[in-house]
Amino acid sequence: MTDAADAAHVRARGDGSSSGSKRDLSYPPLPQALVVPVYDNHTHMEIADGVGEGGDGPLDYREHLDKASSVGVRGVVQVGTDLATSEWSAQIAAREPRVLAAVALHPNEAPVLDEQGLLDEHLAGIERLAALPRVRAIGETGLDFFRTGEDGRAAQVRSFEEHIRIAKEHDLALTIHDRDAHDAVVEVLDRVGAPERTVFHCFSGGPDLARLCAERGWYMSFAGTVTFKNAEPLREALRVAPRHLVMVETDAPFLTPTPYRGRPNAPYLIPLTLRSMAETLGTDASMLAAQIASNTELVYGAWDAEPVTVDE
């Protein structure tokens, strides 16, 4: 493994210019701090995105965490999507007490690796990382029928099943990526057997999927999409979801909550999504934050359960 300290970021997000219009790359301002702290249970700090004040470059993981701490986000789950980003995530978690790691091959990576004859080798790399103490989840894994066609689906399913096996054998949470594949994801989980702690990251279903998840005890993590104007089915799903199965995330640098949609997302923007969720539910933000913090610790364990490496 390369030393994570040698790279502030592993990859970069595009500026949107290829679509004909450039994104606003300025970071949104700090929101009002939460009274009761929560966790961002799904973020990608390895992706360079955004421009700081004075034209500074994108925030590195320490800057992200410091800003998050200042507004009541006490920790994050840093999520890998391939072997390189999973290694980076595990290394950052090993040295930073505010970070736990999730490791996996994203479903859209599986068909590419399978064509290259590398899928089994990379799955073995994920299993090796799964044994590290501050790696607490396998993810994001699952199925994506939006970007992968019929010819790549068998590889996605095989990869998904292997990730489920790894999660169960190492007693880790499973973080689900589910895009345009609700029925197929549920079919695999039911057929293979879902891990005890299964999380639908960036929950994208409506109330019917929320009821199904509730029946099976699967967690639903809501991102900035729940604040979007056109997301009423998602808000209805939130109303249906039992409070003890609800969590919150950024999926940063993507899915920035209203009113900053399109600008770079970051863990420090969790309060915007949390307060929007509380408004949807007609409850106090602090009460919801306390419930979500408890849920998150039940899924991933305590952030201080294992010591971090001293970074000299």
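Thresholds, definitions, all that
- Residues numbered from 1 in each chain as written.
- Predicted model: local features only at pLDDT ≥ 70, side-chain atom pairs only at ≥ 80, totals over all residues.
- Heavy atoms only, no water.
- Helix = DSSP H or I, 4+ residues; strand = E, 2+ residues; numbered from the N terminus.
- Expected span 1.5 Å × (residues − 1).
- Buried < 20%, exposed > 50% of the residue type's maximum accessible area, 1.4 Å probe, protein only.
- Contact = heavy atoms within 4.5 Å.
- Pairing = 2+ DSSP bridges.
- Axes fitted to C-alpha atoms, helices over the stretch in contact; angles between N-to-C directions.

Caption draft 1: Highlighting helix H5 (residues 150–169). Between its first and last C-alpha, H5 extends 30 Å over 20 residues, near the 28 Å set by a 1.5 Å rise per residue. Every buried residue of H5 is accounted for by Gly152, Ala155, Gln156, Ser159, Phe160, His163, Ile164, Ile166 and Ala167. On the buried face of H5, the contacting elements are helix H3 (109–115), helix H4 (119–130), strand S6 (135–144), strand S7 (173–179) and helix H6 (182–192). Phi turns positive one or two residues past the end of H5, at aspartate 171, with a value near 55 degrees.

Caption draft 2: Highlighting the sheet that holds S7. With respect to topology, eight strands assemble into an open sheet ordered S2-S4-S5-S6-S7-S8-S9-S10, the strand pairing being parallel. Of all the strands in the sheet, the pair left with one neighbour each is strand S2 (38–43) and strand S10 (246–248). For this sheet, the mean inter-axis angle between neighbouring strands, taken without regard to orientation, is 30 degrees. As defined by bridge partners, S6 adjoins S7 across six bridges and the pair is classed as parallel. Considered in S7, the bridge of alanine 137 is made with alanine 173. Here H6 sits on the sheet and contacts S6, S7 and strand S8 (198–200); the angle it forms with S7, its principal contact strand, is near 150 degrees. Sitting on the sheet, helix H10 (residues 285–300) is in contact with S2, strand S4 (73–79), strand S5 (99–103), S6, S7, S8, strand S9 (219–222) and S10, with an inclination near 95 degrees to S10.

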